[in-house]
Amino acid sequence: MLAADAGDRFEHARALAGIAETLAGEDPETAHRLWQAALSLYEDLNHPAAETIRARMAATVYRR
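Residues numbered from 1 in each chain as written. Predicted model: local features only at pLDDT ≥ 70, side-chain atom pairs only at ≥ 80, totals over all residues. Heavy atoms only, no water.

Considering the overall build of the protein
Within the protein, the secondary structure is distributed over 3 helices and 0 strands. Along the chain direction, N to C, the helices and strands of the protein fall in the order α-α-α. By the compact-globule yardstick of 11 Å for 64 residues, the protein fits well, its C-alpha radius of gyration being 12 Å. For the protein, buried positions account for 30% of its 64 residues. Within the protein, counting contacts between residues at least 6 apart in sequence, those at least 24 apart form 48% of the total. Here the protein has roughly 4,100 Å² of accessible surface; of this, 54% comes from carbon and sulfur atoms. Taken together, the 7 basic and 10 acidic charged side chains of the protein have centroids lying 4 Å from each other. (Helix = DSSP H or I, 4+ residues; strand = E, 2+ residues; numbered from the N terminus. Rg over C-alpha atoms; globule rule 2.2 N^0.38 Å. Buried < 20%, exposed > 50% of the residue type's maximum accessible area, 1.4 Å probe, protein only. Contact = heavy atoms within 4.5 Å. Areas by Shrake-Rupley, 256 points an atom, 1.4 Å probe, with all protein chains shown as cover. Lys, Arg positive; Asp, Glu negative; His and termini not counted. Charge placed at Lys NZ, Arg CZ, Asp CG, Glu CD.)

Given below as structure tokens:
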């Protein structure tokens, strides 16, 4: 993976996670889907933020 591509994926994952965080209280289902997309990108990058996203996803599921 090219460094520029990795940087773009990271920024995209951060954006998705930020939107998910904003929506978590109002629309947990959409937030969960956005976190899943962010998690997929972070996992592709082997980024440590994947663990944080997993925790946020779990918290959203259990809030329902």
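On we go from here.
A short note on the packing of aromatic side chains
Enumeration according to the criterion identifies 1 aromatic pair in this entry. Ring geometry for phenylalanine 10 versus tyrosine 42: centroids 6.0 Å apart, planes at 65°, classification edge-to-face. Placement of the pair is phenylalanine 10 in helix α1 (residues 3-23) and tyrosine 42 in helix α2 (residues 28-44), with a sequence separation of 32 residues. By relative accessible area, phenylalanine 10 is classed as partly exposed at 23%. Looking at tyrosine 42, the relative accessible area reads 4%, which means it is buried. (Phe/Tyr/Trp six-rings, centres within 6.5 Å; stacked < 30°, edge-to-face > 60°.)

Here's the deal with the confidence of the model for the protein
Regions with low pLDDT should not have their predicted coordinates read in detail. Per-residue confidence for the protein gives a mean pLDDT of 85, with 91% of residues at or over 70. No element of the protein has a lower mean pLDDT than helix α3 (residues 49-63), at 79, and none a higher one than α2, at 89. (pLDDT = per-residue confidence, 0-100.)

Notes on α2
Under the 1.5 Å per step criterion, the end-to-end length of α2 is 24 Å for 17 residues, consistent within 8% with the ideal 24 Å. Within α2 the residues assigned to the buried category are Thr30, Ala31, His32, Leu34, Trp35, Ala38, Leu39, Leu41 and Tyr42. One or two residues past the end of α2 sits asparagine 46, with phi positive at roughly 55°. (Expected span 1.5 Å × (residues − 1).)

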